[in-house]
Structure formats: structure tokens, C-alpha cells
Amino acid sequence: DAATVEMAKLRQGVICGIESASRAEGVYDSVFRDAVVGGRGFCRIVADYESDTSFDQVLSIRRIADPLSVLFDPDYSEPDASDANWCFVDECVTREEFERRWPDAEAINWDSDKLSEWFDGDHVVVADYLRRVEVPRVLCLLADGSRVYQEDMPEGAIVVRRRTVSTHRVEWYKLAGGSQILETYEWRGSYLPVFVCIGDDLIIDGKRQYQGLIRRARDAQRMYNYAQSA
């Protein structure tokens, strides 16, 4: 429709600027390595203030160093998992940092609601919980051929057709102990800002399983080890 080559170049330039500032090439390499080794790797996009003296926010691509710290919706169907509806990302902070950032919260264990003794009692595990919520909206086709949502329709516009469509918003919570909400964020997007790189994902007996190169090399390695030992 109204897309132009100039606008595409402008958008690509913005994306390249975000990747450069985020050192994204190293992030992508790490994510790919995790997918090769363990079947999946993760990175995320966050919005943060560009400096301590600014009210402007910028996007940044961040590495998730431990892929096992992510619990990801297994019921997606798209190859890039863009239709995933929820995920958890665990973060380990020191008890001192936890008490500084959330002075009114309790450093509680996710399992037993007692003081966490994990990592020699010096660290607390908190989690980002993101969920994608369906929001029905009414799409209107106007007499001039343009399409707008009903709440954005200009005054006096003539509507030719209407239909209900499903859009999405993303809710973001930081949790401790499962039921304790430490913070909530507004994410201005319709997809989870956590991205997965997948090696092989197979549906076996109704369950999704992830495989990297190592999984299928194990039996061959065992045979090699046996032959060398013999």
C-alpha cells in the first residue's frame, strides 16, 4: 500500500543502529551456539532509558546467557514461535540487591514461601513473566478504501464493512515467590519480546522436544569410546 523504498531503508537503518549499539552479532552467535548444543537459545529485547539524564527510551537486544532459565510456551505452531503466548525468564540477584530494589518485598523461595537459601543463601531468584493477551477489536473499511479500527475512526467517515479481528497486547510482570508481584511494565508491542532460535523441535507422543547436534551424536560417541577402551 503506502510502503516506499525510502521508508524501508529508514526502518532498516534504525534496526541496524539498535543492533550496533547492542553488539547484536555477539548475541546472535551465543543464541545460535546454544541452539546447536542444546536445541534452543534465547535473546530478548528490552526498553531502557538511554542515559541517567534522559527521559527518552531506546531498544536494546540482550543475551540470555542460560537457556535453561527460560520457560517458553510449548504450544506455538509458527516456525519462529511468534505465536507463543507466555514465557518466564529467571534472574538471579544477590539478597542485598533484592532488598535495595524492592525494600517492601520478601525474599521468598518459589517452592516453600520461606527465605531463599539458594546459592549459599546469598542470592534470590526472581522471574519476568510475560503473557500475550488477546484483544478483540472492530476493523472498519471506509468508503475511501482505508481501513481503521472503530475507536480510531474519523468523524463523518462512511463505513462500508465491519469485522471483528483479534489483536494482542503483552503484559509483563516481575515476580518473586510465585505470587508476589514486584513490578509491572508496559510493553508496546503485540509479540513476546523474547526470541528463540531452535535447532530441531519434534513432537513425540504429543510433547515438544528440542534437540541439538549433541543429542544424536551421543550414541556414536559411546560406540567410539567403547571401541577405544577395548
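In short, a report on the structure.

**Overview of the overall build of the chain**
No. 1: A tally of regular secondary structure across the chain gives four helices and 11 strands.
No. 2: Rg of the C-alpha trace for the chain: 23 Å, well past the compact-globule value of 17 Å for 230 residues, more than 25% over.
No. 3: The principal-axis extent of the C-alpha atoms belonging to the chain is close to 85 × 50 × 40 Å.
No. 4: Across the 230 residues that make up the chain, the buried fraction comes to 29%.
No. 5: Excluding contacts between residues fewer than 6 apart, the proportion of contacts in the chain whose partners are at least 24 apart in sequence is 56%.

**Considerations on the sheet that holds strand S1 (residues 40–49)**
The strands making up a sheet are joined through hydrogen bonds of the backbone, oriented either antiparallel or parallel.
No. 1: If you walk across this open sheet you meet the three strands as S2-S1-S9, and the pairing is antiparallel. Every other strand in the sheet has two partners, leaving strand S2 (57–63) and strand S9 (194–198) as the edge strands with one partner each. In this sheet, adjacent strand axes meet at a mean angle of 20° when their direction is disregarded.
No. 2: Against the sheet, helix H2 (residues 24–38) makes contact with S1, S2 and S9, and its axis sits at roughly 150° relative to S1, the strand it touches most.

**Some words on the nonpolar core**
No. 1: If you look at the biggest cluster of nonpolar residues, it comprises 18 residues, and the most contacted ones within it are Phe42, Phe72, Cys87, Leu130 and Val194.
No. 2: Apart from residues no more than four positions distant in its own chain, Phe72 is found in contact with Phe42, Ala81, Ala84, Trp86, Cys87, Val194 and Val196.
No. 3: Grouped together as the second largest cluster of nonpolar side chains are eight residues, Ala107, Val124, Ala176 and Leu182 included.

**Thoughts on helix H1 (residues 5–22)**
No. 1: Compared with the 26 Å implied by 1.5 Å per residue over 18 residues, the 26 Å span of H1 between its first and last C-alpha is a close match.
No. 2: The positive-phi residue at the C-terminal boundary of H1 is Arg23, with phi of around 55°.

**Topic: the layout of surface pockets**
No. 1: Volume-wise, the largest pocket comes out at about 760 Å³.
No. 2: Of all the secondary-structure elements, those providing two or more residues to the lining of the largest pocket are S1, S2, strand S4 (86–94), strand S7 (159–176) and strand S8 (180–187).
No. 3: It is S1 that contributes the most residues to the lining of the largest pocket, six residues altogether.
No. 4: For the lining of the largest pocket, the per-class residue count stands at 13 nonpolar, four polar and 12 charged.
No. 5: Estimates place the volume of the second largest pocket at around 180 Å³.
No. 6: What lines the second largest pocket is Ile15, Ile18, Glu19, Tyr28, Cys43, Ile45, Leu59, Ile61 and Phe195.
No. 7: Listed by contribution, the elements that provide at least two residues to the lining of the second largest pocket are H1, S1 and S2.
No. 8: The biggest single contributor to the lining of the second largest pocket is H1, with three residues.
No. 9: Tallied by class, the residues present in the lining of the second largest pocket amount to eight nonpolar, no polar and one charged.

**A look at the pairing of strand S10 (residues 200–204)**
Regular strands have side chains that alternate between both faces of the sheet.
No. 1: Relative to strand S11 (residues 207–211), S10 runs antiparallel, the two sharing five bridges. Residue pairing across strands places Asp200 opposite Gln211, the latter belonging to S11.
No. 2: A loop of two residues connects S10 with S11, the two strands running antiparallel in sequence, and Asp205 in this loop sits at a positive phi of about 55°.

**Here's the deal with unusual backbone geometry**
No. 1: Here the phi dihedral of Arg23 falls at roughly 55°; this positive angle occurs in a residue that is not glycine.
No. 2: Tracing the backbone through its elements, the reader meets Arg23 in the loop between H1 and H2.
No. 3: Its relative accessible area of 70% is what places Arg23 among the exposed residues.
No. 4: Of note, Ala81 is a non-glycine position whose phi angle comes to about 60°, a positive value.
No. 5: Tracing the backbone through its elements, the reader meets Ala81 in the loop between strand S3 (70–72) and S4.
No. 6: Residue Ala81 is classed as buried on the basis of its relative accessible area, which comes to 5%.

**Observations concerning the pairing of S4**
No. 1: Inspection of the sheet shows S3 paired to S4 by three bridges, in the antiparallel sense. Each residue of the ladder has a partner; that of Val70, found in S4, is Val89.
No. 2: In the sheet, S4 pairs with strand S5 (residues 123–142) via nine bridges, with the strands oriented antiparallel. Paired with Phe88 across the strands is Tyr129, a residue of S5.

Rules behind the numbers
- Residues numbered from 1 in each chain as written.
- Predicted model: local features only at pLDDT ≥ 70, side-chain atom pairs only at ≥ 80, totals over all residues.
- Heavy atoms only, no water.
- Helix = DSSP H or I, 4+ residues; strand = E, 2+ residues; numbered from the N terminus.
- Rg over C-alpha atoms; globule rule 2.2 N^0.38 Å.
- Buried < 20%, exposed > 50% of the residue type's maximum accessible area, 1.4 Å probe, protein only.
- Contact = heavy atoms within 4.5 Å.
- Pairing = 2+ DSSP bridges.
- Axes fitted to C-alpha atoms, helices over the stretch in contact; angles between N-to-C directions.
- Core = buried A, V, L, I, M, F, W, Y, C linked by side-chain atoms within 4.5 Å.
- Expected span 1.5 Å × (residues − 1).
- 1 Å grid on protein atoms, 1.4 Å probe; cavity = no way out; pocket = protein on both sides within 12 Å on 5 of 7 lines; lining within 4 Å.
- Points joined across faces, edges and corners; volume = space filled by probe spheres on them.
- Nonpolar A, V, L, I, M, F, W, Y, C, P; charged D, E, K, R; others polar.

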